[in-house]
Amino acid sequence: MGLFKDYVSQTRKPEGFLGKMMLSGMNSGHAKMADWGFAHLPKITPAKAVDLGCGGGRNAGELLKMYPKAQVTAIDYSDLSVAKAKEYNKKMIEAGRCAVQQGDVSNLKLPRESFDLATAFETVYFWPGLEKCFAQVAGVLKPGGIFMICNESDGTDATSLKFEKIIDGMRNYTAEQIEEALKKAGFSEVLSDHHPSKPWITVIARK
Ligand SMILES: C[S@@+](CC[C@H](N)C(=O)[O-])C[C@H]1O[C@@H](n2cnc3c(N)ncnc32)[C@H](O)[C@@H]1O
């Protein structure tokens, strides 16, 4: 179990050699689910968007493509994720449209009420307290801003529950639990969807 546990635990905070290996497959590994999630976003034209727990940076890159006039910020607390996301979005960073910053979602150092859209893919499992972190997200969103969470676990599937036992600090949530935490953190118009054949969920809320 030792090496396997060490490897899968890199999903929580990629570090060192195993973290680099994990990150090398993360962008492609999560792309299908992320694209399914993106398809749920309402028609909006955000001026500023932020991807939280950005990992290798692919989803920040998708936001840049989806919203060609938007400035996109990508945040992660792992040095390695930040470096990978910077490399992935190098051209857009040089063009002045993208910034990748190290930061913790439990204490966001971003300008308050400045983003129109926040996204979080495959990351809330590791956040230290949903309600507390969602309140941080609410703080950086403009009134009316949208927050989308997308997980490949619906909180009940056997595979993810197995990983929850292996990865310290991981917690799977049902869409209902995420909805509840969003409402407590001050969000409204909370809507969720479940993939018809996979345990994927997406939850969207408005500040
Ligand atoms: C499984 S990866 C997902 C990465 C990316 N969103 C994707 O879908 O491919 C989870 C990421 O969330 C980051 N993360 C976890 N907890 C965090 C926190 N409290 N603040 C910032 N980033 C966090 C990890 O460092 C890791 O890069």
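Residues numbered from 1 in each chain as written. Predicted model: local features only at pLDDT ≥ 70, side-chain atom pairs only at ≥ 80, totals over all residues.

Below, the discussion takes up the environment of Leu41. Secondary-structure assignment places Leu41 in the loop between helix 3 (31-38) and strand 1 (48-52). For Leu41, a count of 17 C-beta atoms within 10 Å corresponds to the partly exposed category. Taking the C-alpha atoms as reference, Leu41 lies 9.9 Å from Val203; in sequence the two are 162 residues apart. (Helix = DSSP H or I, 4+ residues; strand = E, 2+ residues; numbered from the N terminus. Buried ≥ 20, exposed ≤ 12 C-beta atoms within 10 Å, placed from the backbone.)

A few words on unusual backbone geometry. Residues other than glycine seldom take positive phi values, yet Glu113 does so here, at roughly 50°. Within the secondary structure layout, Glu113 lies in the loop between strand 3 (98-102) and strand 4 (115-121).

Another aspect to go through is the site of the ligand. Neighbouring the ligand are 24 residues; Gly53, Gly55, Ser78, Phe121 and Thr123 lie closest to it. Taken together, the residues of the shell around the ligand break down into 10 nonpolar, 10 polar and 4 charged. (Near = placed C-beta within 6 Å. Nonpolar A, V, L, I, M, F, W, Y, C, P; charged D, E, K, R; others polar.)

To continue, consider helix 5 (residues 79-88). Residues of helix 5 that are buried: Leu80, Ser81, Val82, Lys84, Ala85 and Tyr88. On its buried face, helix 5 sits against helix 2 (16-29), helix 4 (58-66), strand 2 (71-76) and strand 3. (Contact = placed C-beta atoms within 7 Å.)

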